[in-house]
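Chain by chain, the residues run as shown.
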Amino acid sequence: MPRHIAIASDHAAYAMKAELAEWLREQGHSVLDLGTDGTESVDYPDYGYALGTAIAAGRAELGIALCGSGVGISIAVNRIPGARCALVSEPVSARLARNHNDANVVALGARLIGIEMAKACVITFLNAEFDGGRHQRRVDKLTHPERTPA
């Protein structure tokens, strides 16, 4: 099923972002590319915030965040209310991020995994669905931390 996917990266993951965006389009998905547009050094928070904001605003259904390790950009995305980003490095965690955490963004580290593993993670993430049930209570706490008992 074709999806509307937002994708963003810093300079360290530019090549992986470009390849994933092209591959996603070939799969029939529409892709909102939020940059960066080259290998010149940039600040990953700028792109993480842009991606998280696009997801929270409904400009895309799901997102893919990339940087060298995936850590920095995932932290940036998660600073935006309404965005739930999970850093993954293999398909099982990509599936569980959707099934249990209702993640709407997946983060990947371009310096840590290759393009084929990245594709495996992305396709698994896109095909997985939120299980709801007992997991909904936990996702609600992620969405509204102020309601969680101390």
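No experiment lies behind these values; they were computed from the predicted model shown.

Engineer: Whenever I open this one, the overall build of the protein chain confuses me. Can you help?
Structural biologist: The number of helices and strands found in the protein chain is 6 helices and 5 strands. Of the regular secondary structure in the protein chain, the N- to C-terminal order runs β-α-β-α-β-α-β-α-β-α-α. With the principal axes as the frame, the protein chain shows a C-alpha extent of 45 × 30 × 25 Å. When burial is assessed residue by residue, the protein chain has 47% of its 150 residues classed as buried. For the protein chain, long-range pairs separated by at least 24 residues make up 71% of all intrachain contacts whose partners lie at least 6 apart in sequence. Summing over all exposed atoms, the protein chain offers an accessible surface of approximately 7500 Å²; the carbon and sulfur share of this is 52%.

Engineer: Even after reading the chapter, I still don't get the packing of aromatic side chains, so can you show me in this structure?
Structural biologist: Any pair of aromatic rings gets described here by the distance separating the centres and the angle formed by the planes. Applying the stated criterion across every chain yields a total of 0 aromatic pairs. Its end group placed over the ring of Phe-125, Arg-98 keeps NZ or CZ at 5.7 Å from the ring centre.

Engineer: Is there a simple way to explain the nonpolar core in this structure?
Structural biologist: Note that soluble globular proteins tend to have their nonpolar side chains buried in a common cluster. Judged by nonpolar contacts, the single largest core of 25 residues is most densely connected at Leu-20, Leu-24, Ile-64, Leu-66, Leu-108 and Val-122. Of all the secondary-structure elements, those providing two or more residues to this core are strand S1 (4–9), helix H1 (14–26), strand S3 (62–67), helix H4 (91–101), strand S5 (105–109) and helix H5 (115–127). The residues contacting Leu-24, other than those within four sequence positions of it, are Ile-5, His-29, Val-31, Ile-64, Val-122 and Leu-126. Counting residues in each nonpolar core, the second largest holds 17 residues, with Ala-6, Cys-67, Val-77 and Ala-107 among its members.

Engineer: I would appreciate a short explanation of the environment of Leu-32 in the present structure.
Structural biologist: Structurally, Leu-32 can be placed in strand S2 (residues 30–33). Along the backbone, Leu-32 and His-4 are 28 residues apart, and their C-alpha atoms lie at a distance of 7.4 Å. Contact partners of Leu-32, with chain neighbours within four places excluded, come to His-4, Ile-5, Ala-6, Ile-7, Ala-54 and Arg-59.

Engineer: Looking at this model, I keep getting lost on the environment of Ser-69. Mind explaining?
Structural biologist: Relative to the elements of secondary structure, Ser-69 occurs in the loop between S3 and helix H3 (71–78). Distance in space between the C-alpha atoms of Ser-69 and Val-122 is 16 Å, their sequence separation being 53 residues. Setting aside anything within four residues of it in sequence, one finds Ser-69 in contact with Leu-87, Gly-109 and Leu-112. A polar side-chain atom of Ser-69 sits 3.1 Å from the main-chain amide nitrogen of Val-71.

How each quantity is defined
Residues numbered from 1 in each chain as written. Predicted model: local features only at pLDDT ≥ 70, side-chain atom pairs only at ≥ 80, totals over all residues. Heavy atoms only, no water. Helix = DSSP H or I, 4+ residues; strand = E, 2+ residues; numbered from the N terminus. Buried < 20%, exposed > 50% of the residue type's maximum accessible area, 1.4 Å probe, protein only. Contact = heavy atoms within 4.5 Å. Areas by Shrake-Rupley, 256 points an atom, 1.4 Å probe, with all protein chains shown as cover. Phe/Tyr/Trp six-rings, centres within 6.5 Å; stacked < 30°, edge-to-face > 60°. Lys NZ or Arg CZ within 6 Å of the ring centre and 35° of its normal. Core = buried A, V, L, I, M, F, W, Y, C linked by side-chain atoms within 4.5 Å. Polar contact = N/O pair within 3.5 Å; in protein donor to acceptor, adjacent residues only side chain to side chain.

Honestly, it's all geometry; don't read function into it.
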